[in-house]
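Examination of the molecular architecture
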Amino acid sequence: MRIDTTKCIGCGKCVQYCMLKCIKKSGTGKTCVIDEEECVDCGVCKRAQVCPADAIFMPDECFEYPRAIRMQFSDPGVQHPNLKAWGRGTEEAKTNDVTGKFSRGEYGLLLEFGRPCTGTRLTEVEKVTVAMSALKIPIIKDNPLYGLLKEDGSGRFKEEFVHEKVLSAILELNMKEDELETIMKTLMPILDTVDTVVSVGLVTRFAEDGSLPVADKLNNMGFTVRPNAKINVGLGRPLMD
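Since the structure is predicted, the reported quantities are computational estimates derived from the model, not experimental observations.

The next point concerns the pairing of strand 5 (residues 106-113). Extensive coverage of strand 5 is indicated by the burial of eight of its eight residues. Because side chains alternate across strand 5, one face comprises the buried residues Glu-106, Gly-108, Leu-110 and Glu-112, and the other comprises Tyr-107, Leu-109, Leu-111 and Phe-113, equally buried. One ladder, built from eight bridges, connects strand 5 with strand 8 (residues 169-176); its direction is antiparallel. Of the residues in strand 8, the one forming a bridge with Leu-111 is Leu-171.

Quick look at the structure:
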């Protein structure tokens, strides 16, 4: 995003609408400016329609790669071009009971970087993708981050994308049940080095008797578990079994 300083009257009404605090008064105090290096192009300041001078706009270069991935991962009103999904480009666990992305005998590991209102550079996500690739834990191919990775299996992002900043990014991984302890022991120390907030989610199915065995496994490893079910209303065709 950018502010046209020839229009801006320096009222500052837009400042509070930036979640990442990228909008500030200029040195003279007569106009406001956006730190475009830190801006994730979420578009909130523009959509809020608080600028009396209509000085906030999206410059053309924001629609060009690699910069364009910022709005694709930050603005829920922007469609991801490859996956045809909106917002951050992933349905994650919300439709698992219909899509069958994560089946019995395996877990889905969901790592959300940068939310709420913190943002992340892909350099921080890469710390995890490299480690997981070393363990041969696959990143799900219909995850929007997958297409930004190098094709050499290293888990590293392509150079043109790695320093881009987004509002949030969800990394989806698929593991077997017996890999859980090894992965968690590898993952948690890495997350201590990540320079943003990370939410860790684990996708699983209830057992036939209605129990949730993975909760006991995680508790035994010293993790606090907060079960959270996301279940569809049954209008889709189940693919889980």
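Below, the discussion takes up unusual backbone geometry. Here the amide bond leading from Tyr-65 into Pro-66 is cis, since omega sits at 10°, within 30 degrees of zero. Tracing the chain through its elements places Pro-66 in the loop between strand 4 (56-57) and helix 2 (69-74). Of note, the phi angle at Asp-54 is positive, near 50°, even though the residue is not glycine. Looking at the secondary structure, you find Asp-54 in the loop between helix 1 (44-47) and strand 4.

Checked against the element boundaries, Glu-36 lands in the loop between strand 3 (32-34) and helix 1. Residue Glu-36 is classed as partly exposed on the basis of its relative accessible area, which comes to 25%. Separated by 33 residues in sequence, Glu-36 and Ile-3 have C-alpha atoms that sit 10.0 Å apart. Leaving out residues up to four positions away in the same chain, Glu-36 has contacts with Met-1, Arg-2, Arg-67 and Arg-70. Of the polar contacts made by the side chain of Glu-36, one reaches the side chain of Arg-2; its length is 2.8 Å.

Next up on the list: helix 4 (residues 122-134). With 13 residues, helix 4 should cover 18 Å at 1.5 Å per step; its first-to-last C-alpha distance of 18 Å lies within 8% of that length. Residues of helix 4 that are buried: Leu-122, Glu-124, Val-125, Glu-126, Val-128, Thr-129, Ala-131, Met-132 and Ser-133. Count one or two residues on from helix 4 and you reach Lys-136, which has phi positive near 65°.

Applying the stated criterion across every chain yields a total of one aromatic pair. On the basis of an interplanar angle of 90° and a centroid distance of 6.5 Å, the ring pair of Tyr-65 and Phe-161 is categorised as edge-to-face. Placement of the pair is Tyr-65 in the loop between strand 4 and helix 2 and Phe-161 in the loop between helix 4 and strand 7 (165-166), with a sequence separation of 96 residues.

The rules behind the values
- Residues numbered from 1 in each chain as written.
- Predicted model: local features only at pLDDT ≥ 70, side-chain atom pairs only at ≥ 80, totals over all residues.
- Heavy atoms only, no water.
- Buried < 20%, exposed > 50% of the residue type's maximum accessible area, 1.4 Å probe, protein only.
- Helix = DSSP H or I, 4+ residues; strand = E, 2+ residues; numbered from the N terminus.
- Pairing = 2+ DSSP bridges.
- Contact = heavy atoms within 4.5 Å.
- Polar contact = N/O pair within 3.5 Å; in protein donor to acceptor, adjacent residues only side chain to side chain.
- Expected span 1.5 Å × (residues − 1).
- Phe/Tyr/Trp six-rings, centres within 6.5 Å; stacked < 30°, edge-to-face > 60°.

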